[in-house]
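The primary structure of each chain is shown beneath.
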Amino acid sequence: MCMKYYSTNRKSPEVGLKDAVIKGLAPDRGLYMPEKIPVLPLSFYDKISDFSFQETAFRVAEAFFGGDVDNDILKSTVYDTLCFDTPLVGLGERIFSLELFHGPTLAFKDVGARFMARLLAYFVKKEGLERVNVLVATSGDTGSAVANGFLGVEGIHVFVLYPKGKVSPIQECQFTTLGQNITAVEVEGTFDDCQALVKSAFLDGELNAKMNLTSANSINVARFLPQSFYYFNAYAQLVRQGIHDNIVICVPSGNFGNLTAGLFARGMGLPVKRFIAANNRNDVFYEYLKTGQYRPRASVQTLANAMDVGAPSNFTRIIDLYKDDYEKIKSLISGWRTDDDKIRQTVAECFRKTGYLLDPHGACGYDALQNLLRDGETGVFLETAHPAKFRETIEGIIGKPLEIPQKLQEFMKGRKQTVEIPADFAALKVELLKRG
Ligand SMILES: *Cc1c(COP(=O)(O)O)cnc(C)c1O
């Protein structure tokens with residue numbers, strides 16, 4: 001059966017998967033939500049520890065997308081997407097790191113980006129669409145994951161918007177050196193400016209009349225839903241270790257796509273007791289949990305730059321999921337905030353005590369877990385990127401040189417090619433029309 005997707009603003013019609021993926025954002029500026037969350041049968045959970053990551057993920061994908069995508073295509077999409085594992089590494093007795101950085105660009109966003117690229121290419125081909133243009137705003141890792149996920153995909157051009165001087169040099173070369181169907185747009189402004197520019201582009205009548213535009217930010221259902229796969233994989237690994245009660249999962253959060261995927265996994269029956277949303281100094285969600293007031297504001301720059309978001313786009317999905325029931329949300333999700341000093345201290349301490357090297361985002365997760373894990377609980381934090389992506393920061397903290405993985409070294413050999421614009425929609429529009 002086909003799945004319908006409604007807009008969180010409920011002012012535009014429901015659509016099917018194809019339109020939700022191609023449009024990205026609903027016409028009323030809402031985010032698309034699947035009309036229901038399929039619950040997987042108990043027999044699946046009983047056997048989950050026998051399944052490979054790909055087998056598990058395929059069952060999850062089938063539950064959402066099975067009615068809309070040919071079965072063999074869906075299977076190859078899942079299997080190609082997950083060309084890497086997400087191992088669970090124990091750090092002491094009750095705390096585990098779920099390493100999500102073994103993909104091509106060494107961050108968890110590879111999962112959603114690779115899945116979306118394949119699904120979009122499928123729809124473009126099936127529908128015989130003219131070229132589709134993917135717009136994506138990045139605070140670092142989205143740009144590299146999306147650009148690499150879509151690199152060389154026929155019929156699709158990608159524009160990566162990023163704030164000039166605010167992403168790490170290694171992150172930058174992962175999406176500015178590719179060429180081909182990837183254009184990097186360097187914006188004189190913040191990540192929030194980039195995100196606002198992308199949103200404006202989707203609402204511009206003239207642009208949309210002249211080019212097919214879609215978003216590959218976590219507002220796109222094809223990007224955020226597949227992120228639920230590795231929550232199941234974490235659970236399967238805990239079951240194999242004989243630990244499956246009172247699981248708490250801590251998610252270093254920016255736009256909250258990752259956490260929302262975890263909430264969906266729980267909605268599908270995954271036995272997670274509760275979640276922790278780890279924030280850096282950009283703490284609007286932490287404040288919301290404390291006060292019930294949601295007050296988006298400008299982002300500030302921190303060491304965990306992929307979490308520097310002042311107006312998290314998936315907040316509306318969380319509100320929609322729990323029907324704006326603040327008490328319910330508060331009982332299910334706890335918040336924590338880690339500032340830059342504490343990030344440094346956490347990276348240094350964890351390395352000294354356990355020999356494990358955190359990245360600045362994982363450090364927020366680890367810090368939150370250490371503070372909020374209760375007796376009898378097992379904590380898993382998502383290690384969202386490889387520490388080498390933040391080489392300068394990490395080397396500065398531990399005082400010795402990092403080994404740079406081969407995959408990253410390859411990116412650093414390329415030549416930077418960007419288009420520079422001010423944080424101004426008219427300027428973006430000119431560039432898009434010129435190249436789209
Ligand atoms: C994007 C990103 C985050 C934040 O994820 P959201 O889904 O936006 O909340 C955290 N850590 C890293 C390394 C990231 O790239």
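Residues numbered from 1 in each chain as written. Predicted model: local features only at pLDDT ≥ 70, side-chain atom pairs only at ≥ 80, totals over all residues. Heavy atoms only, no water.

Asker: Mind showing me how you'd approach the overall build of the protein chain here?
Answerer: Secondary structure assignment for the protein chain yields 20 helices and 13 strands. A globule of 436 residues ought to have a C-alpha radius of gyration of about 22 Å, and the protein chain, at 20 Å, matches this closely. Judged by the C-alpha coordinates and their principal axes, the protein chain covers about 60 × 50 × 45 Å. Each of the 436 residues in the protein chain was classed as buried or not, and the buried ones make up 61%. Restricting the contact set of the protein chain to residue pairs at least 6 apart, pairs at least 24 apart contribute 75%. Only carbon and sulfur atoms are counted for the fraction: they give 48% of the accessible area of the protein chain, which is about 16300 Å². Within the protein chain, one finds 50 positive and 51 negative side-chain charges whose respective centroids are separated by 1 Å. (Helix = DSSP H or I, 4+ residues; strand = E, 2+ residues; numbered from the N terminus. Rg over C-alpha atoms; globule rule 2.2 N^0.38 Å. Buried < 20%, exposed > 50% of the residue type's maximum accessible area, 1.4 Å probe, protein only. Contact = heavy atoms within 4.5 Å. Areas by Shrake-Rupley, 256 points an atom, 1.4 Å probe, with all protein chains shown as cover. Lys, Arg positive; Asp, Glu negative; His and termini not counted. Charge placed at Lys NZ, Arg CZ, Asp CG, Glu CD.)

Asker: Just checking my understanding: could you explain the sheet that holds strand E9 (residues 247–252) for this structure?
Answerer: Taken in spatial order, the 6 strands line up as E3-E4-E12-E9-E10-E11 in an open sheet, and their pairing is mixed. Here the strands that pair on one side only, and so sit at the sheet edges, are strand E3 (88–90) and strand E11 (333–337). Going from strand to strand, the sheet's axes swing by 25° on average, the running direction of each strand aside. Bridge analysis of E9 against strand E12 (residues 378–383) gives 4 bridges, and the strand direction is parallel. Opposite Ile249, over in E12, you have Val380 as the bridge partner. Against the sheet, helix H12 (residues 257–267) touches E9, strand E10 (274–279), E11 and E12, its axis set at about 180° to E10. (Pairing = 2+ DSSP bridges. Axes fitted to C-alpha atoms, helices over the stretch in contact; angles between N-to-C directions.)

Asker: Whenever I open this one, the site of the ligand confuses me. Can you help?
Answerer: Near the ligand, the surroundings consist of 15 residues, among which Lys109, Asp141, Gly254, Asn255 and Phe256 are the closest. The side chain of Lys109 places a nitrogen or oxygen atom 2.4 Å from an oxygen atom of the ligand. Isolated, the ligand exposes 380 Å² of accessible area, and the fraction of that covered by the protein chains is 97%. Grouping the constituent residues of the shell around the ligand by class yields 6 nonpolar, 7 polar and 2 charged. (Near = heavy atom within 4 Å. Polar contact = N/O pair within 3.5 Å; in protein donor to acceptor, adjacent residues only side chain to side chain. Nonpolar A, V, L, I, M, F, W, Y, C, P; charged D, E, K, R; others polar.)

Asker: It is not clear to me how the pattern of salt bridges should be interpreted in this structure. Could you clarify?
Answerer: Opposite charge on two side chains permits them to pair, given that their charged atoms come into close proximity. Applying the stated rule across the entire model yields 23 salt bridges. We note a salt bridge from Arg274 to Glu377, for which the minimum N-O separation is 2.9 Å. Separated by 103 residues along the polypeptide, Arg274 in strand E10 and Glu377 in the loop between helix H17 (360–372) and E12 bring together distant segments of the chain. Judged on exposure class, the residue Arg274 and its partner Glu377 are both buried. The shortest N-O distance in the salt bridge between Arg337 and Asp283 comes to 2.5 Å. One end of the pair, Arg337, is in strand E11; the other, Asp283, is in the loop between E10 and helix H13 (284–291), and 54 residues separate them in sequence. (Salt bridge = Lys/Arg side-chain N within 4 Å of Asp/Glu carboxyl O.)

Asker: Whenever I open this one, the packing of aromatic side chains confuses me. Can you help?
Answerer: The geometry of an aromatic ring pair comes down to the distance between the two centres and the angle between the two planes. Tallied over the full model, the rule gives 20 aromatic pairs. On the numbers, 6.3 Å between centres and 65° between planes, the contact of Tyr231 with Phe275 is edge-to-face. Linking Tyr231 in helix H11 (residues 229–240) with Phe275 in strand E10, this pair joins segments that are 44 residues apart in sequence. A relative accessible area of 1% means that Tyr231 is categorised as buried. (Phe/Tyr/Trp six-rings, centres within 6.5 Å; stacked < 30°, edge-to-face > 60°.)

Asker: What is the right way to read the packing of H11 against H12 from this model?
Answerer: Between H11 and H12, whose axes approach to 8 Å, the crossing angle comes to 60°. Here H11 lies oblique to H12, going by the angle between them. In the packing of H11 onto H12, the handedness of the crossing is right-handed. Facing Tyr230, Tyr231 and Phe232 of H11, the residues of H12 in contact are Asn258, Leu259, Ala261, Gly262 and Ala265. Split by residue class, the contact of H11 with H12 holds 6 nonpolar, 2 polar and no charged. (Parallel < 35°, antiparallel > 145°, perpendicular 65-115°, else oblique. Left-handed = near helix turned anticlockwise from the far one by under 90°.)

Asker: I keep staring at the packing of helix H8 (residues 191–203) against helix H20 (residues 425–435) and nothing clicks. Help me out?
Answerer: The relative placement of two packed helices comes down to the angle between their axes together with the axis-to-axis distance. Following both chains from N to C, one finds H8 and H20 inclined at 65°, their axes separated by 10 Å at the closest point. Seen from above, H8 lies across H20 with right-handed handedness. Contact residues: H8 offers Leu197, Ser200 and Ala201, while H20 offers Phe425, Leu428 and Leu432. For the contact of H8 with H20, the class distribution of residues is 5 nonpolar, 1 polar and no charged.

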